[in-house]
Amino acid sequence: MDGGSRGGEPAASQGLSAAGQSATEQMAGELTRRAFMRAGLAAGGGLMLAISLPGLAQARTESGVAEGGAEGAQGDETVLTAYIRIAPDGTTTIMAKNPEMGQGVKTSLPMMIAEELDVAWSQVRTEYAPLNPALYPAQFSGGSFSTPMNWDPMRRAGAAGRAMLVQAAARAWHVPVQECTTDQGVVHHAGSGRALTYGALAARAARLPAPDLKSVTLKDPKDYKIIGHFTPQVDAPRVLAGEPLFGIDHSVPGMLYAVYEKAPVFGARALSANLDEIKAQPGVRDAFIIQGDPSAVFTVGLMDGVAIVADRWHQANKALERLQVQWGDSPTASQSTRGFAEQAKVLARGAPQQLVRNDGNVERGFYGSAKVLEAAYTYPFLAHVPLEPMNCTAWAKPDGTIEIWTPTQNPGSARTLISKTLHIDPSKITVHMTRVGGAFGRRNYNDYSVEAAAISQRAGKPVKLLWNRRQDIQHDVYRPAGYHFFRGGLDAQGKLVAFADHFVTFGQGNKVASAAGVEDDQFPARFVPNLQLGMSLMQLGAPTGSLRNPGNNGLAFAFESFIDELAAAAGRDPLEFRLDMIGPPKVFPAPPARFGLRLPAYDTGRVRGVLQLVAEKSGWSSARQQLPPRTGMGLAFCYSHLGYVAEVVKASVNERGIPRIHKVWVAVDVGRQIVNPAGAYNQAQGAVLDGLGVALHEALTIENGAVVNANFNTFSPIRMGEAPDVEVHFRITDNAVTGLGEPTLPPVLPALTNALFAATGKRIRSLPIDPKLLIV
């Protein structure tokens, strides 16, 4: 489910940060210093280049490839797994190592290589790289990390290829390398007027030693011909033509189809089923119970279920209607959405079970405040509902190997899960990446992949497993609900001097459930002298995890809405209130590493920059004074996934309380370079629309331990007629390049609810928005 793209050049305001090189940029530099390049001949006489990053991959010798050796051979030619292949006719194939799920990495990462290789984009073809962590490190898509992790290594891979081609030409002409230049896939020697295409040079270049990556020269950004220019996704024509690119499209000879039914209550065992009746249904080849692991609820692995295998998917799905399963008891069968809400209220009356942060003396701060506000905010469980349901094609072969074709964000994780669950050596498992029809974090988990492999192993045939929409919603990995009980203290001048949040959330045992916590630097932490962030846990039987901008997709709504309440209570402009709280530009110490990556420092100058930019573009100061009745504008900010984003929403409310969103302005700071503006606008706008759907409609209901929502009629994303104009502005700063898949989602939720307050004087403290609360 991709967002729309916008034509024209990116709107950007220039503003250089004083922070200098960020920690993320330093991390990329570390990867480059530890990287090395290998070169060789491709089939057909072209050049192949491979870049290895030892710090993020197992040694090549561990995967059966000796240092300096060839991975395989075709005919008389040496073949190395590589990022770059150059054919004799100049066609350049660039391998895309990360899964493509609509976010554009199959285009943007090759753009980085092609730019520094200095080849015409019209000559470039892209292919998925095979799963090979020894040669393609960090082979996943998630967390908006694809751009920051690959920005420097991919460009250096391209620059190294360019250097080798130039050296090959210089040797052929017996001239100094310094006298040669490149342009659009051709090496030129101005002194003699000679020129050779990359295709003509490829075979010679392949025999040269690869340069040290840290020594290669990168282009000045002013000379970019590909990076920074609007570039359509490479697969867009094929998607529009309906070609079979997605996992759901894949087929192999002799393939059967399967559905897999799991217990409504998570983790319940399958005791028995009417298998004989199911096997007698038209087209059904087999039906059987698979015994999984009850603990796989939280590791998102293979759980108990009943597989139905048929000649056609609709036959298996039709037979599913007759399936009767006796499920075992589950200790979580009494859990419910209503019960959680009541339990949260009880817990909120006591002290938090654990403190996340405790600055100053919060109770003394409240005692000395001129005004104290209290408010409770809640948000529901959410499902991912990608347009392509979970699916995987698996072929467990007689020789003990397994081959799968799966739309996954993390192919390496799929192989590991299948290996551990089915006790198969990883070297016997081949994972093919397909294009992904929406993921949003759901496909970080590979339960559907191991299910397909287990069914194929039992059936003895290649099998395509396809979940129906009910299964996709009722066996998701959910965004956890949250219950926030805030207090805020203002002094006589309207400054925030005390702040507390008792966050009642979910856990498994004493451990906070995945994506259900709050960090100790959640804004306004560090900007209030007396501040306490505390948590209490309720036990949860359902799995939770990553959904587009995990954590902040709920936290930002609660925190930024309450900050708006505080600004209103202080009688101050919400923009001015935030700027005053943030204070003058300051760079905080860098946070601890995450996923082994050093993260950049928090820079309040960048916060101020996006707030001021969105205020300028939306006409914040003047436009709010000229709005018609029951129309308002709201503002919010969020720092997440290394990106700084501020947003303004203009919305109105009709006499029935139904909101209409007229426009959203977005100001984004993701560093010094927008790699592909087409993809950047797509991602920024798509995330905003995703967030609006969350605010307007989306909520899961749990009853008796099971999710009751079953399709889009009970869990509805945003509709086309509800989608407003989304105007995006990029603020270019001298900071490392970061990703855009997630940062623009969180601020739109509070910006919308703050706009509705401005329109009606009514606060929305619970999502999704209930129109009855907005009737004046």
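Rules used in this analysis
- Residues numbered from 1 in each chain as written.
- Predicted model: local features only at pLDDT ≥ 70, side-chain atom pairs only at ≥ 80, totals over all residues.
- Heavy atoms only, no water.
- Pairing = 2+ DSSP bridges.
- Helix = DSSP H or I, 4+ residues; strand = E, 2+ residues; numbered from the N terminus.
- Axes fitted to C-alpha atoms, helices over the stretch in contact; angles between N-to-C directions.
- Phe/Tyr/Trp six-rings, centres within 6.5 Å; stacked < 30°, edge-to-face > 60°.
- Buried < 20%, exposed > 50% of the residue type's maximum accessible area, 1.4 Å probe, protein only.
- Lys NZ or Arg CZ within 6 Å of the ring centre and 35° of its normal.
- Expected span 1.5 Å × (residues − 1).
- Contact = heavy atoms within 4.5 Å.
- Arc of directions from axis to C-beta.

Q: Help me understand the sheet that holds strand S20 (residues 402-406), please; the structure alone is not making it clear to me.
A: Through backbone hydrogen bonds, the strands of a sheet pair up, either in parallel or in antiparallel fashion. Spatially, S14-S15-S12-S22-S19-S20-S21 is the arrangement adopted by the seven strands of the open sheet, whose pairing is mixed. Sheet topology places strand S14 (284-290) and strand S21 (429-433) at the edges, where each strand pairs with a single neighbour. Ignoring which end each strand starts from, the neighbouring axes of this sheet average 20° apart. Of the strand pairs in this sheet, strand S19 (residues 391-396) and strand S22 (residues 463-466) are connected by four bridges, and their pairing is antiparallel.

Q: What is the right way to look at the packing of aromatic side chains in this model?
A: How two aromatic rings sit relative to each other is given by the distance of their centres and the angle of their planes. The final tally for this structure, using the stated rule, is 22 aromatic pairs. For the ring pair Phe230 and Tyr681, a centre distance of 5.9 Å and an interplane angle of 15° mean the geometry is stacked. Separated by 451 residues along the polypeptide, Phe230 in the loop between helix H4 (198-206) and helix H5 (236-240) and Tyr681 in helix H18 (residues 677-696) bring together distant segments of the chain. With relative accessibility at 27%, the residue Phe230 sits in the partly exposed group. Overall, Tyr681 belongs to the buried group, its relative accessible area being 2%. Here Phe340 and Phe506 contribute two aromatic rings whose centre-to-centre distance is 4.8 Å and whose plane-to-plane angle is 80°, an arrangement assigned as edge-to-face. With a gap of 166 residues between them, Phe340 in helix H9 (residues 337-348) and Phe506 in strand S24 (residues 496-508) connect regions that are remote in the sequence. Assigned by exposure class, Phe340 and Phe506 land together as buried. Between Arg526 and the ring centre of Phe588, over which it is positioned, the NZ or CZ distance is 4.5 Å.

Q: Please explain helix H12 (residues 447-459) as it appears in this structure.
A: Given 3.6 residues per turn, any residue in an α-helix points the same way as the ones three and four places further on. The end-to-end C-alpha distance of H12 is 18 Å, a good match for the 18 Å that 13 residues give at a rise of 1.5 Å each. The element H12 is extensively covered by neighbouring structure, given that ten of its 13 residues are classed as buried. By the burial criterion, the buried members of H12 are Asp447, Tyr448, Ser449, Val450, Glu451, Ala452, Ala453, Ala454, Ile455 and Ser456. Where H12 ends, the next residue or the one after it, Gly460, has phi of about 75°, a positive value.

Q: Which parts of the structure should I look at to understand the sheet that holds strand S9 (residues 180-183)?
A: With antiparallel pairing, the three strands of this open sheet are ordered in space as S9-S10-S11. Unpaired on one side and paired on the other, S9 and strand S11 (194-197) mark the two borders of the sheet. Ignoring which end each strand starts from, the neighbouring axes of this sheet average 25° apart. For strand S10 (residues 186-189) and S11, the ladder comprises four bridges, and the chain directions are antiparallel. Paired with Val187 across the two strands is Leu196, which belongs to S11. The strands touched by helix H3 (residues 146-173) are S9, S10 and S11; relative to S10, the strand with the most contacts, the crossing angle is about 45°. Across the sheet, H4 touches S9, S10 and S11, and the angle it forms with S11 is around 75°.

Q: Looking at this structure, how should I read helix H8 (residues 313-320)?
A: For H8, every residue scored as buried is listed here: Ala316, Asn317, Ala319 and Leu320. The arc that holds every buried residue of H8, seen down its axis, measures 160°, which confines them to one face. Along H8, the residues that are exposed and aim more than 90 degrees away from the buried face are His314 and Lys318. Contacts made by the buried residues of H8 are with strand S12 (256-261), helix H6 (275-279), S14, strand S15 (305-310) and helix H13 (469-474).

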